[in-house]
Amino acid sequence: MIVIGYLVGYAVIAEVLLPLYYSRNLTTIYTYLGQRFGPYSYKTGSSFFLLSRSIGSSFRVYLVVNVLQVFVFDNWGVPFGINVALFMILILLYTFRGGIKTIVWTDTLQTTFMLAAVAVSVYFISTDLGLGLGGLIKEVTSSEYSKIIFTEVNDKNFFLKQFISGAFIAIVMTGLDQDMMQKNLTIRTLKNARKNIYLLSWILVPVNLLFLFLGASLYLYASKTGISLPASSDDLFPLIALKHHGALAGTVFLIGLVAAAYSSADGSLTALTTAFSVDILGLRQKTAMSDKKKTRVRMIVHLGIAVFLTMLVIIFRTISDQSVINKLFTIAGYTYGPLLGLFTFGLFTKFRVYDKWVPLVALLSPVLCYILSIYSEYLFNGYKFGFELLVVNGIFTFTGLLLLVNKSAPTDGEIAELKIN
């Protein structure tokens with residue numbers, strides 16, 4: 001159900017958000033919040049993106065370097081901090097050398113390596129189990145791992161929760177994410193950008209199914225061969241690929257893993273640098289500053305963000321206690337929720353608000369969500385919030401903005417009429 005939700009979410013991006021971005025010719029998508037509400041809202045939106053993307057990118061890098069550490073660098077006696085630093089230095093060299101255009105084009109090659117690693121792993125699993133691909137598919141579909149519709153309301157996998165979560169996760173983590181949108185906004189026309197979004201959404205369907213199939217296959221393989229499950233579910237794939245399928249499978253896995261990490265981290269570094277330089281420092285508005293000095297400042301920001309991400313990865317290593325994917329979506333519910341509320345209020349109302357109080361609303365909403373998630377089982381007869389907490393967070397932000405409506409200020413509609421007259 002979460003995959004169907006993704007498709008709905010991407011349709012919203014194509015039909016609602018992309019026309020908004022193209023019509024206003026935005027440098028960063030958070031410029032819209034400044035145009036709609038004011039500078040405080042603008043910086044609030046960009047700040048939440050910076051926080052969200054920093055945490056998300058760090059989780060993805062952590063997933064890769066942790067595998068390299070456990071299965072490679074620990075055997076060589078290389079400390080985890082050195083491993084992370086080397087990884088980040090290579091990404092920095094890559095982004096400085098190539099830039100955003102190189103990132104867009106090489107994403108295709110990197111994704112190909114990632115999918116090749118999955119395909120090779122499925123082949124080895126089916127061969128080792130003596131089933132063949134058809135037999136493995138039959139085993140997976142008849143197992144408990146193939147269940148996709150859960151009707152128990154209090155179950156974290158309840159189908160309606162999964163559908164809603166999938167739709168809104170797609171909207172916020174793609175449509176309201178500067179990293180993802182800047183790649184689409186490099187396309188010359190809105191029509192082609194829409195085609196790109198729809199194509200991406202439909203490509204994600206078989207890709208997600210492939211990864212779900214791989215996950216079920218890994219657990220079946222571990223069960224049938226007597227492999228003890230690792231403490232972290234994130235370690236199961238590398239454990240089987242590197243320890244049980246030989247050098248070829250291990251090599252392809254590592255190449256695919258590193259390629260996927262570079263595909264994410266290099267684009268994130270560029271997007272974070274752009275957002276901080278343009279939205280927070282306002283470099284484009286500083287006309288008195290020379291281009292050479294702006295480039296120097298941007299480079300310092302780029303290096304600073306790389307150091308910050310490195311520190312976050314090291315912190316995650318010390319507190320890791322559950323699946324990285326679960327952590328990523330859980331944190332996204334808190335950090336992307338205010339963005340969801342801000343953009344929804346801007347798109348579906350014409351009210352102006354007291355801009356200087358918007359940061360307070362954006363900060364209070366995640367706090368209220370956290371309190372609600374702690375006591376939800378007590379308050380709602382055993383119901384426990386999952387990824388749908390993102391929607392609740394957006395509703396809190398939207399409600400807070402309603403309380404900030406400036407009744408004396410003209411609405412967007414009234415301003416438009418004045419311009420016409």
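Rules and cut-offs
The residue numbering used here restarts from 1 in each chain and proceeds along that chain's sequence as written. Given that this is a predicted model, residues contribute local features only at a pLDDT of at least 70 and side-chain atom pairs are listed and counted only at 80 or more, while totals for whole chains, interfaces and linings are drawn from all residues. As a rule here, side-chain values come from all non-hydrogen atoms in the structure, and water together with hydrogens is ignored. Pairing of aromatic rings covers Phe, Tyr and the six-membered ring of Trp, with a centre-to-centre limit of 6.5 Å; geometry is then stacked below 30 degrees between planes, edge-to-face above 60, and tilted otherwise. By definition, any uninterrupted DSSP run of H or I lasting at least four residues is a helix, any uninterrupted run of E lasting at least two residues is a strand, and each is numbered from the N terminus. Patch construction takes residues with relative accessible area above 30% that form no salt bridge. Like charges are linked within 9 Å, and nonpolar side chains (Val, Leu, Ile, Met, Phe, Trp, Tyr) are linked within 5 Å. What sets the accessible areas is the Shrake-Rupley method with a 1.4 Å probe; for residues, cover comes only from the shown protein chains. Any Lys or Arg side-chain nitrogen located within 4 Å of an Asp or Glu carboxyl oxygen qualifies as a salt bridge. Three exposure classes are used, based on accessible area relative to the maximum for each residue type with a 1.4 Å probe and protein chains only: buried under 20%, partly exposed in between, and exposed over 50%. Helix span is expected to be 1.5 Å times the residue number reduced by one. The nonpolar core is taken to be a set of buried Ala, Val, Leu, Ile, Met, Phe, Trp, Tyr and Cys residues, with the residues joined through side-chain atoms within 4.5 Å. What makes two residues a contact is simply this: any of their non-hydrogen atoms within 4.5 Å. Two N or O atoms count as a polar contact when they lie within 3.5 Å, although within protein this holds only if one can serve as hydrogen donor and the other as acceptor, and sequence-adjacent residues are included solely when both atoms are side-chain atoms. When charges are counted, Lys and Arg are positive and Asp and Glu negative, with His and the chain ends excluded. For this purpose, a charge sits on NZ of Lys, CZ of Arg, CG of Asp or CD of Glu.

Student: Which parts of the structure should I look at to understand the packing of aromatic side chains?
Tutor: How two aromatic rings sit relative to each other is set out by the distance from centre to centre and by the angle between their planes. In the structure shown here, the tally under the stated rule is nine aromatic pairs. Between Tyr-32 and Phe-343, the aromatic rings sit 5.6 Å apart at their centres with planes inclined by 25°, giving stacked as the arrangement. Of this pair, Tyr-32 sits in helix 2 (residues 31–36) while Phe-343 sits in helix 13 (residues 337–348), placing them 311 residues apart in sequence. The structure contains a cluster of three or more aromatic residues connected by ring pairs, namely Tyr-30, Tyr-32, Phe-49 and Phe-343.

Student: Whenever I open this one, a nonpolar patch on the surface confuses me. Can you help?
Tutor: A cluster of nonpolar side chains, namely Val-367, Leu-368, Tyr-370, Ile-371, Ile-374, Tyr-375, Tyr-378, Leu-379 and Phe-380, defines an oily patch on the protein surface of about 980 Å² accessible area. Secondary-structure assignment places Tyr-375 in helix 14 (residues 358–379).

Student: Is there a simple way to explain the pattern of salt bridges in this structure?
Tutor: Pairing is possible between side chains of opposite charge, provided their charged atoms come close. Across all of its chains, the model carries four salt bridges by this definition. Among the ionic pairs, Glu-15 bridges to Arg-194, the shortest N-O distance being 3.5 Å. Within this pair, whereas Glu-15 is found in helix 1 (residues 2–24), its partner Arg-194 is found in helix 8 (residues 190–225), the two being separated by 179 residues in sequence. Measuring nitrogen to oxygen at the nearest pair gives 3.7 Å for the salt bridge that ties Glu-139 to Lys-224. Here Glu-139 is found in helix 5 (residues 132–141), whereas its partner Lys-224 is found in helix 8, with 85 residues between them in sequence. The exposure class of Glu-139 is partly exposed, given its relative accessible area of 26%.

Student: It is not clear to me how helix 11 (residues 291–319) should be interpreted in this structure. Could you clarify?
Tutor: Owing to its 3.6 residues per turn, the α-helix aligns residues three or four sequence positions apart on the same side. Here helix 11 spans 42 Å end to end across 29 residues, near enough to the 42 Å set by a 1.5 Å rise per residue. Within helix 11, burial applies to Lys-294, Val-301, His-302, Ile-305, Ala-306, Leu-309, Thr-310, Leu-312, Val-313 and Phe-316.

Student: How should the nonpolar core be read in this particular structure?
Tutor: Soluble, globular proteins show a tendency: their nonpolar side chains are buried together. If you look at the biggest cluster of nonpolar residues, it comprises 97 residues, and the most contacted ones within it are Tyr-21, Phe-49, Leu-269, Leu-339 and Phe-343. Top element by residues in this core is helix 3 (residues 39–76). It accounts for 14 residues. Beyond its immediate stretch of four places on either side in the chain, Leu-269 contacts Met-88, Ile-91, Leu-92, His-302, Ile-305, Ala-306 and Leu-309. Grouped together as the second largest cluster of nonpolar side chains are seven residues, Tyr-334, Leu-372, Tyr-383 and Val-392 included.

Student: So what exactly am I meant to see when it comes to the side chain of Ser-373 here?
Tutor: Structurally, the position occupied by Ser-373 is in helix 14. Among the polar contacts made by the side chain of Ser-373, one reaches the side chain of Tyr-334 at a distance of 3.3 Å. Once residues within four sequence positions are removed from consideration, Ser-373 is found in contact with Tyr-334, Lys-384, Phe-385 and Leu-389.

Student: What exactly am I supposed to notice about a positive patch on the surface here?
Tutor: Taken together, the side chains of Lys-43, Lys-286, Lys-292, Lys-293 and Arg-296 present a region of like positive charge at the surface. Tracing the sequence through the fold places Lys-286 in the loop between helix 10 (246–280) and helix 11. For Lys-286, a relative accessible area of 37% puts it in the partly exposed group.

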